Amino acid sequence: MEDEEGPECGKPDFVLLDQVTMEDFMRNLQLRFEKGRIYTYIGEVLVSVNPYQELPLYGPEAIARYQGRELYERPPHLYAVANATYKAMKHRSRDTCIVISGESGAGKTEASKHIMQYIAAVTNPSQRAEVERVKDVLLKSTCVLEAFGNARTNRNHNSSRFGKYMDINFDFKGDPIGGHIHSYLLEKSRVLKQHVGERNFHAFYQLLRGSEDKQLHKLHLERNPAVYNFTRQGAGLNMTVHSALDSDEQSHQAVTEAMRVIGFSPEEVESVHRILAAILHLGNIEFVETEEGGLQKEGVAVAEETLVDHVAELTATPRDLVLRSLLARTVASGGRELIEKGHTAAEASYARDACAKAVYQRLFEWVVNRINSVMEPRGRDPRRDGKDTVIGVLDIYGFEVFPVNSFEQFCINYCNEKLQQLFIRLILKQEQEEYEREGIAWQSVEYFNNAIIVDLVERPHRGILAVLDEACSSAGTITDRIFLQTLDTHHRHHLHYTSRQLCPTDKTMEFGRDFRIKHYAGDVTYSVEGFIDKNRDFLFQDFKRLLYNSTDPTLRAMWPDGQQDITEVTKRPLTAGTLFKNSMVALVENLASKEPFYVRCIKPNEDKVAGKLDENHCRHQVAYLGLLENVRVRRAGFASRQPYSRFLLRYKMTCEYTWPNHLLGSDKAAVSALLEQHGLQGDVAFGHSKLFIRSPRTLVTLEQSRARLIPIIVLLLQKAWRGTLARWRCRRLRAIYTIMRWFRRHKVRAHLAELQRRFQAARQPPLYGRDLVWPLPPAVLQPFQDTCHALFCRWRARQLVKNIPPSDMAQIKAKVAAMGALQGLRQDWGCRRAWARDYLSSATDNPTASSLFAQRLKTLRDKDGFRAVLFSSHIRKVNRFYKIRNRALLLTDRHLYKLDPDRQYRVMRAVPLEAVSNEPRPEQPEPDFRCARGTFTLLWPSR
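Residues numbered from 1 in each chain as written. Predicted model: local features only at pLDDT ≥ 70, side-chain atom pairs only at ≥ 80, totals over all residues. Heavy atoms only, no water.

**Comments concerning the sheet that holds strand β13 (residues 497-499)**
Okay, so step 1: Taken in spatial order, the 3 strands of this open sheet run β13-β14-β15, and their pairing is antiparallel. Of all the strands in the sheet, just β13 and β15 (522-527) have a single pairing partner and so form its edges. Neighbour-to-neighbour, the strand axes of this sheet turn through a mean angle of 25°, independent of strand direction.
Okay, so step 2: Direction of pairing for strand β14 (residues 514-519) relative to β15: antiparallel, over a ladder of 6 bridges. Its bridge partner lying in β15, Asp 514 is registered against Ser 527.
Okay, so step 3: Its contacts with the sheet put helix α17 (residues 480-490) on β13 and β14, and the angle it makes with β13 is roughly 130°. (Pairing = 2+ DSSP bridges. Helix = DSSP H or I, 4+ residues; strand = E, 2+ residues; numbered from the N terminus. Axes fitted to C-alpha atoms, helices over the stretch in contact; angles between N-to-C directions. Contact = heavy atoms within 4.5 Å.)

In structure tokens form, the structure reads like this:
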């Protein structure tokens, strides 16, 4: 552990005390509390003292200090336990749980919040949306459950009036993927009445004080809680001591926002508010005796029927059915006839109260189930995704002793007895039995086994719960007094049970009302008044059918049993005590199947004052929590134990004789060699199958050595794996390139063979391969084929040209030049006939005017002195208005002449040949020459 706490702060672990006595234990506890050290270890068990003030012990910086550290590397803290739990779950793939225990007001709920915050902070570095959603639901669910399940009591301003066990599911990477909440024994009697100085559940006050005026008017509510019977007792009390920060108004907004984040729809939130309002109105309904007709028949009526209207409207049920359910009940006779039996005022009040309690309980269970439906892992397949691991967090009511203790306190204290029994079995008894089983010599530690108390409560046939169930199911009138007499008869000689009947001199109990149990935490006197009614938990079927037939889907979903017909015979439902006992047995079995971590919470004083530690009060808690016995066991025993195989699997890399695999005779011999190399053999003991380590320092030393070697091993594995991957890739590339090379050769050979096959007859005249189709080449041969095609064209042209007589070569060259100029401009440009050049002098092409043109040609030759006529022809001139004029064109070696054939070929224009350019005129299209059978037509837009 880092040296962050000096000797002036006391011992950070009670195991390090010089002497294990109650005085030394309390002295160290008080010293650390005065120095602001509210956490102390007992081995791996954390002792937490409620400071009743905000301390700078939490937040992102503190989380970073404890993340990834061993339990003893940092000072004691809740984060250290949460980190150890998370590491055990992630690294060893073990289901783990954190059991938070202590009396009411010791800080269990706050401890569970900090644990949840730590787990949420250290998971999900990739910030994936689904994991973030689960984390938000996990954190926000605490706020919602506190509103509906917590209340202010004389011992705690935010006391959990229900038990909560939360399973958090993680995937193989250690990210949360879902969760599930189990609730136990909601104290629904608190809905009806509370002790002096206490309040009803927070949800009622948050609704009244935090809602807007418009919403209150819609719910027919007033803002003052004193107006309603169910909230009148706590109307003048705040939710917490920090009322400025945690007012009911702000809490209402926080709860509404949390429900939105979790996934409650606006309609569902509105329905929840309507149900709460209906419960408040239901509590204000009073019944009065009435007389009907002249027969003076007594009856019952509602004093203020407006409240019935409000209840009917808020529950979306018919008003007349609500009124009938309050004033009478319908029963089925033996002949299946329905008989309506009117209530007395007392019976109607009982039915009203039972309905209010049942509606709130169903509402609370619906909220829990709604949260579970959002948190359940989605689309998980163990065969595909691997087995999920779980961290359980238990936050359950602490041991309670009030001036008047009823059925709820009896169940709560029985729950604490079961958890203490589990603690004894896992921490104390299991510890000693394991040493004996492994052959480790040590001094046995005496401890109190509370199995005798648990047996007193849950023993079949004779236990208190069994006797209570028998009283509830017996025919006839069985009162609470008769139930108490039966208990006295069965447990007359029990060492942990007594009553005023069995001990007449004890005036702290009353005859026929009280009995006392000597719990492990102290003596508690219970009043049997109401035990049978609360255990029977009876609600008339009329209310169930009424609420099931509501048009509000949320309210209807809370009452599935209301669909049963009144004449239907059903099995007697289990009593509240039996249901609670079964849930406790299942809870203990669930916790026993996991690797447990314990947080033992201590309440420093009864006044909830910061900085004050009442030694007598704390001494009593230390005694009944068994902390001193736990210290003695840890002192006498060993801090850690592991099977040899698991120890080697984790630490074998720290020894040259065990890495990577040992060649010694057994795992025990290999472990001995490893410890001897580290010089730690004096701090351990060797069992038959496990290694026992006495000091945590030994584990820290081994972990530090392992942590230094892990990066080296990781680099070695990475190097080997990367080399393997590189070799695999190289072999694949070689194979790919070889295949590509041979495939290219195949394609080239196949293409050349196809070329050779197709062009075998290319030398045959007269086509010389003109009709042959070139095959599509591979991409690599495309340039080669382009070159071959060009060479083939040149060869074919050569074959065609070499057979032309020399006398025709001038014609061929002229036609080639014309083709280059005219092929894209007109379809027929005279390539298939011989060109005569001077068409106007030819009697064949110009029979009517050849002589006139010959005269004009002679005149121009004498005038201009040209030597040869290059071209002459009739043309048609088309201007931009599409008017046609006949013209003649004469081209000599000196001039270009435009002639008028209608006027004996008079020269209209002469242009020197040097002035004629191949470039088009600016902003004018190129001329379009068309020639057909000696007639040459020039289309040139006129100016």
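**A look at unusual backbone geometry**
Okay, so step 1: With omega at 10°, the peptide bond leading from Pro 765 into Pro 766 counts as cis.
Okay, so step 2: Locating Pro 766 in the fold gives a position in the loop between α26 (696-758) and α27 (782-801).
Okay, so step 3: Look at His 220: it is not a glycine, yet its phi comes out positive at around 60°.
Okay, so step 4: Examined against the element boundaries, His 220 turns out to sit in the loop between α7 (213-218) and α8 (248-262).
Okay, so step 5: Even without being glycine, Ala 316 reaches a positive phi, approximately 55°.

**Side note on the environment of Arg 758**
Okay, so step 1: Within the secondary structure, Arg 758 is located in helix α26.
Okay, so step 2: The exposure class assigned to Arg 758 is partly exposed, which follows from its relative accessible area of 27%.
Okay, so step 3: In this structure Arg 758 touches Leu 772, Val 773, Trp 774 and Pro 775, once residues within four positions along its chain are discounted.
Okay, so step 4: Polar contacts involving the side chain of Arg 758 include one to the side chain of Glu 754, which spans 2.6 Å.
Okay, so step 5: A distance of 2.7 Å separates a polar side-chain atom of Arg 758 from the backbone oxygen of Val 773. (Buried < 20%, exposed > 50% of the residue type's maximum accessible area, 1.4 Å probe, protein only. Polar contact = N/O pair within 3.5 Å; in protein donor to acceptor, adjacent residues only side chain to side chain.)

**What about the packing of helix α11 (residues 319-327) against helix α19 (residues 541-548)?**
Any two packed helices are characterised by the angle at which their axes cross and by the distance between the axes.
Okay, so step 1: Where α11 meets α19, the axes come as close as 9 Å, and the angle between the chain directions of the two elements is 165°. Taken together, the axis directions place α11 and α19 in an arrangement best described as roughly antiparallel. Seen from above, α11 lies across α19 with left-handed handedness. When α11 is examined against α19, the residues Leu 321, Val 322, Ser 325 and Leu 326 are found in contact with a partner set consisting of Asp 542, Phe 543 and Leu 546.
Okay, so step 2: Class assignment of the residues belonging to the contact of α11 with α19 gives a composition of 5 nonpolar, 1 polar and 1 charged. (Parallel < 35°, antiparallel > 145°, perpendicular 65-115°, else oblique. Left-handed = near helix turned anticlockwise from the far one by under 90°. Nonpolar A, V, L, I, M, F, W, Y, C, P; charged D, E, K, R; others polar.)

**Some words on empty space enclosed by the protein**
Okay, so step 1: Inspection of every chain in the model, using the stated rule, returns 5 cavities of 30 Å³ or more.
Okay, so step 2: Of the residues in the lining of the largest cavity, the class split is 12 nonpolar, 2 polar and no charged.
Okay, so step 3: Each pocket or cavity is described by its volume, and for the second largest cavity that value is around 80 Å³.
Okay, so step 4: Of all the elements in the fold, those that place two or more residues in the lining of the second largest cavity are α5 (129-149), α6 (202-210), α8 and α9 (266-283).
Okay, so step 5: In terms of residue count, the dominant contributor to the lining of the second largest cavity is α8 (4 residues).
Okay, so step 6: Broken down by class, the residue content of the lining of the second largest cavity amounts to 8 nonpolar, 4 polar and no charged. (1 Å grid on protein atoms, 1.4 Å probe; cavity = no way out; pocket = protein on both sides within 12 Å on 5 of 7 lines; lining within 4 Å. Points joined across faces, edges and corners; volume = space filled by probe spheres on them.)

**Side note on the pairing of strand β22 (residues 895-900)**
Okay, so step 1: In this structure, strand β21 (residues 884-892) lies alongside β22, joined through 4 bridges in antiparallel fashion. Its bridge partner lying in β22, Leu 889 is registered against Lys 898.
Okay, so step 2: Following β21, the chain reverses through 2 residues before pairing antiparallel with β22.
Okay, so step 3: Note: β22 against strand β23 (residues 906-912), 6 bridges, orientation antiparallel. Bridge pairing in β23 links Leu 899 to Val 907.

**Points about the side chain of Glu 198**
Okay, so step 1: Along the polypeptide, Glu 198 turns up in the loop between β7 (176-184) and α6.
Okay, so step 2: Residue classification places Glu 198 among the buried positions, given a relative accessible area of 0%.
Okay, so step 3: Separated by 3.3 Å, the side chain of Glu 198 and the backbone nitrogen of Asn 154 make a polar contact.

**Observations concerning the nonpolar core**
Okay, so step 1: Of all hydrophobic cores here, the largest spans 178 residues; its most connected members are Phe 148, Tyr 360, Ile 371, Phe 410, Phe 483 and Phe 515.
Okay, so step 2: The dominant element in this core, judged by the number of residues it contributes, is helix α12 (residues 345-375), at 17 residues.
Okay, so step 3: When residues no more than four places from it in sequence are discounted, the contact partners of Phe 410 are Val 457, Ile 464, Leu 465, Phe 515, Ile 517, Tyr 526 and Phe 531.
Okay, so step 4: Residues Ala 670, Val 671, Leu 674 and Leu 699 belong to the second largest nonpolar core, which totals 15 residues. (Core = buried A, V, L, I, M, F, W, Y, C linked by side-chain atoms within 4.5 Å.)

**Here we look at the packing of helix α10 (residues 305-315) against α11**
Okay, so step 1: It is the contact of α10 with α11, at a shortest axis distance of 9 Å, that shows an interaxial angle of 115°. Regarding α10 and α11, the two cross each other, and that crossing is right-handed. Across the interface between the two elements, Glu 305, Val 308, Asp 309, Val 311 and Ala 312 of α10 pack against Arg 319, Val 322, Leu 323 and Leu 326 of α11.
Okay, so step 2: A breakdown of the residues in the contact of α10 with α11 according to their chemical character gives 6 nonpolar, no polar and 3 charged.

**What about helix α1 (residues 22-34)?**
Okay, so step 1: Between its first and last C-alpha, α1 extends 18 Å over 13 residues, near the 18 Å set by a 1.5 Å rise per residue.
Okay, so step 2: Residues of α1 that are buried: Met 22, Asp 24, Phe 25, Met 26, Asn 28, Leu 29, Arg 32 and Phe 33.
Okay, so step 3: In the stretch just after α1, Gly 36 is the one whose phi turns positive, near 80°. (Expected span 1.5 Å × (residues − 1).)

**Details of the sheet that holds strand β3 (residues 96-101)**
Okay, so step 1: Strand order in the open sheet made by the 7 strands is β1-β2-β16-β3-β12-β6-β7, with mixed pairing throughout. Edge positions in the sheet fall to β1 (39-42) and β7, since each has one partner strand and no second. Mean inter-strand twist for the sheet, computed between neighbouring axes without regard to direction, equals 20°.
Okay, so step 2: Bridge count for β1 against strand β2 (residues 45-49) is 4 bridges, and the pairing is antiparallel. Looking at β2, one finds that Tyr 39 is bridged to Ser 48.
Okay, so step 3: Packing of α1 onto the sheet brings it into contact with β1, β2 and β16 (595-602), and relative to β1 it is tilted by some 150°.

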